[in-house]
Amino acid sequence: MVSLETHVIKNARAIASVFLLSCAALIQGCASWTPQTKALAESRPEGVPGAHELTEVPFFAQSDYQCGPASLAMVMVAAGVKTTPDELVPEVYLPERKGSLQVEMLAAPRRHGLVTYELAPNYAALIREIAAGTPVILLQNLGIKEGWHYAVAIGYDWDNGMLQLRSGGNERQELPFAMNEMAWRRSGYWAMVAMPPDRIPATAEEARWLSAIAALERTGQAAPARTAYRAFLERWPSNVNAAIGLANSHYALGDLRAAEQVLRDAAQRAPDSDIVLNNLAQVLADQGRAAEALPIIDRAAAVGGSHADAVGQTRSEILKKLNR
Amino acid sequence: MKTVWARMFCRLLVALMIWTPYQFATAGMIGTEQVVTASSAQADRALVTSFLNRGDVAQQLQSLGLSSKAAQDRVASLTDQEVQQLAGKIQSLPAGASDGADIAVAILIIAAIAVVVWYLWKRM
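Residues numbered from 1 in each chain as written. Chains lettered and ligands numbered in written order. Predicted model: local features only at pLDDT ≥ 70, side-chain atom pairs only at ≥ 80, totals over all residues. Heavy atoms only, no water.

## Remarks on the overall build of chain A
Selection rule: Secondary structure is summarised from DSSP: a helix means a run of H or I of at least four residues, a strand means a run of E of at least two, and numbering begins at the N terminus for each. Partly exposed describes any residue whose relative accessible area lies between the buried limit of under 20% and the exposed limit of over 50%, with all areas from a 1.4 Å probe on protein chains only and scaled to the type maximum. It only takes one pair of heavy atoms within 4.5 Å for two residues to be counted as in contact. For the area figures, the Shrake-Rupley method with a 1.4 Å probe applies, and any residue is considered shielded solely by the protein chains shown.
Within chain A one finds 15 helices and nine strands. In chain A, buried positions account for 52% of the 324 residues. Long-range contacts, defined here as pairs at least 24 residues apart, represent 61% of the contacts in chain A between residues at least 6 apart. Roughly 14100 Å² of accessible area belongs to chain A as shown, and the carbon and sulfur atoms make up 52% of that amount.

## As for helix α4 (residues 67-78) of chain A
The α-helix winds at 3.6 residues per turn, so residues separated by three or four positions along the chain end up facing the same way. All names here are of chain A. Just so we agree on the cut-off: By this rule the span expected of a helix is its residue count minus one, scaled by 1.5 Å.
Its 12 residues place the ends of α4 17 Å apart at the C-alpha level, agreeing with the 16 Å of an ideal helix rising 1.5 Å per residue. α4 sits mainly inside the fold: 10 of its 12 residues count as buried. Those residues of α4 lying buried are Cys67, Gly68, Pro69, Ala70, Ser71, Leu72, Ala73, Met74, Val75 and Met76.

## Considering helix α5 (residues 68-76) of chain B
Condition: Our arc is simply the arc of the directions from the helix axis toward the C-beta atoms.
For α5(B), the set of buried residues is B:Ala71, B:Arg74 and B:Val75. End-on, the buried residues of α5(B) take up no more than an arc of 100°, which puts them together on one face.

## Let's talk about the pattern of salt bridges
Condition: Salt-bridge detection follows one rule: a side-chain nitrogen of Lys or Arg within 4 Å of a carboxyl oxygen of Asp or Glu.
Inspection of the entire model under this criterion finds 16 salt bridges over all chains. Between A:Glu104 and B:Arg74 there is a salt bridge whose closest N-O contact spans 2.6 Å. Of this pair, A:Glu104 sits in helix α6 (residues 102-107) while B:Arg74 sits in helix α5, which puts the two residues in different chains. Side by side, A:Glu104 and B:Arg74 carry an identical accessibility label, which is buried. We note a salt bridge from A:Arg208 to A:Glu205, for which the minimum N-O separation is 3.6 Å. On the basis of relative accessible area, A:Arg208 is assigned to the partly exposed category, the value being 32%. When salt bridges that share partners are traced, they join A:Glu260, A:Arg264, A:Arg289 and A:Glu292 into one network.

## Some words on the nonpolar core
Basically, it comes down to this: Buried Ala, Val, Leu, Ile, Met, Phe, Trp, Tyr and Cys residues that are joined via side-chain atoms within 4.5 Å together make up what is termed a nonpolar core.
Ranked by size, the top nonpolar core spans 98 residues in total, and within it A:Leu72, A:Leu126, A:Val136, A:Leu138, A:Leu163 and A:Trp209 carry the most contacts. For A:Leu72, the contacting residues outside a window of four places in its chain are A:Leu88, A:Val92, A:Met105, A:Ala108, A:Pro109, A:Ile137 and A:Met192. Residues A:Leu94, A:Ala107, B:Val57 and B:Val83 belong to the second largest nonpolar core, which totals 16 residues.

## Side note on the sheet that holds strand β3 (residues 99-101) of chain A
What counts is decided by this rule: A pair of strands is labelled paired if DSSP reports no fewer than 2 bridges between them.
Taken together, the three strands give an open sheet; going across it, the order is β2(A)-β3(A)-β1(B), and neighbouring strands pair in antiparallel fashion. Either end of the sheet is taken by a strand with one partner, and the two such strands are β2 (93-94) of chain A together with β1 (95-96) of chain B.

## Let's talk about the packing of helix α10 (residues 222-235) of chain A against helix α11 (residues 240-252) of chain A
Residue and element names in this part refer to chain A. For clarity, the cut-off: An axis is simply a line fitted to the C-alpha atoms; with a helix, the fit covers only the stretch in contact. Between two such axes, the angle follows the N-to-C directions and lies from 0 to 180 degrees. Throughout this description, any angle smaller than 35 degrees is read as roughly parallel, any larger than 145 degrees as roughly antiparallel, any in the 65 to 115 degree range as roughly perpendicular, and the remainder as oblique. Handedness of a crossing is defined here by the sense of rotation of the near helix relative to the far one, left-handed for an anticlockwise turn of less than a right angle and right-handed for a clockwise turn. Classes in brief: Ala, Val, Leu, Ile, Met, Phe, Trp, Tyr, Cys and Pro nonpolar; Asp, Glu, Lys and Arg charged; the others, Gly included, polar.
Running from amino to carboxyl end, α10 crosses α11 at an angle of 150°, the nearest separation of the two axes being 9 Å. The angle between the axes of α10 and α11 places the two elements in the roughly antiparallel class. With respect to the hand of their crossing, α10 and α11 are arranged in left-handed fashion. Along its contact with α10, which presents Ala222, Ala225, Arg226, Tyr229, Arg230, Phe232 and Leu233, the element α11 presents Ala242, Ala243, Gly245, Leu246, Ser249, His250 and Ala252. Grouping the amino acids of the contact of α10 with α11 by side-chain chemistry returns nine nonpolar, three polar and two charged.

## Considerations on the pairing of strand β7 (residues 162-167) of chain A
All names here are of chain A. Extensive coverage of β7 is indicated by the burial of five of its six residues. Across five bridges, the pairing between strand β6 (residues 148-157) and β7 is antiparallel. Note on β7: the bridge partner recorded for Asp157 is Met162. Counted along the chain from β6 to the antiparallel partner β7, the turn is four residues long, and its residue Gly161 has a positive phi close to 70°. Strand direction decides the pairing type here: β7 and strand β8 (residues 170-176), joined by five bridges, are antiparallel.

## Observations regarding the packing of aromatic side chains
Residues and elements named next belong to chain A. Counted only if it meets this: Only Phe, Tyr and Trp rings take part, Trp by its six-membered ring, and two of them pair if their centres are within 6.5 Å. Stacked means planes under 30 degrees apart, edge-to-face means over 60, and tilted covers everything else.
All chains considered together, the criterion is met by six aromatic pairs over all chains. Centroid distance Tyr123 to Phe177: 5.3 Å. Interplanar angle 55°. Geometry classified as tilted. Within this pair, whereas Tyr123 is found in helix α7 (residues 123-131), its partner Phe177 is found in helix α8 (residues 177-184), the two being separated by 54 residues in sequence. Judged by relative accessible area, which is 1%, Tyr123 ranks as buried. A residue is classified by how much of its surface remains accessible, and Phe177, at 4% relative accessible area, is buried. With a centroid separation of 5.2 Å and an interplanar angle of 70°, the aromatic rings of Tyr123 and Trp184 are classed as edge-to-face. Placement of the pair is Tyr123 in helix α7 and Trp184 in helix α8, with a sequence separation of 61 residues. Each member of the pair, Tyr123 together with Trp184, is buried. A connected cluster of aromatic rings, assembled from ring pairs, spans Tyr123, Phe177, Trp184 and Tyr189.

Structure representation (structure tokens):
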């Protein structure tokens, strides 16, 4: 009888060769498993240093199933909001799902005055945000059980192809880009940042960043929304929708004069915007200047756009004020 | 209130108002979210749909272990698009939970295999 051990040792060479060949095949094939790492390796994103690590991002170890609250706490504290994972559990954790949904990860920081933004799904965006000083929450799938897991990317070393993460109980986990990609690609390369209202993500696209600010405004946080719209307009001064947003924030905070000023500027740039004209007329009427408001609301009505109903209502109110 | 139906309708309207976004509540001004998302003639219909979707999603969140108030608050922070993404899919969408140790385990397994192979090779 040949024991298993003897059998293995006698055939070790053969077994090892098969194994090595399979590894080689795997490694060859790996490049197609990790296409973004391949692309990243071929060219470093423009204008970023070879390596950068955000050592000041705090670490919160997660408890069971709560990588969501822990990850959020880390990036929110980094953005200047005082919070802890325990405080965030009721805002993102779903007891029966034993985890946190992606849209709730985006929504929760808004209630604390931050603007959240989903990054473009690629490695270059991730690297560029870290290079600009912003930690990034990634959604990975670790392939075991349900496997979904949020971790915070806080550094990279492009020269050596490594990513640094705060993940689970690990304050500093260092992973090759390819390894991270294998886990990250299963979420469609999902990544998000949470910004203090006066800062704009390095990779922000104009229209999507505006929607992100509007999402903050929708939660009633007029003051941080105002800050964010102002910063937006410094970067993209001709964006009329942002001006509308800024004026709405001023209005919500009771600063009618400021709202009027912003809307007058916007009306010069966009003389046919029924929204700008409507809101300007409203602001004037609220300051007791209904007579000035009337010709403006008439212009808005003349545009006849999709907001005709709202415009009509505003006009009736103004006419009432003028007793007509 | 004239009829049972009128009363019920009023109750429904009041309930739906919980989700009135902050901008809309400022009378007369057209809200920013309306500007940046929908700008078609169906804007009104989209609004009603959004209210109904929010109701659905809030109910689903409640069935997953949240109190009624928590469910409403959390839905209120979502944009219309985000509510749309959730509607009907809360059970199946990814819910991040794992603790990250698994990637370390995977690395260890690969390292262990490499050591075994090296050892076997040396023995020949």
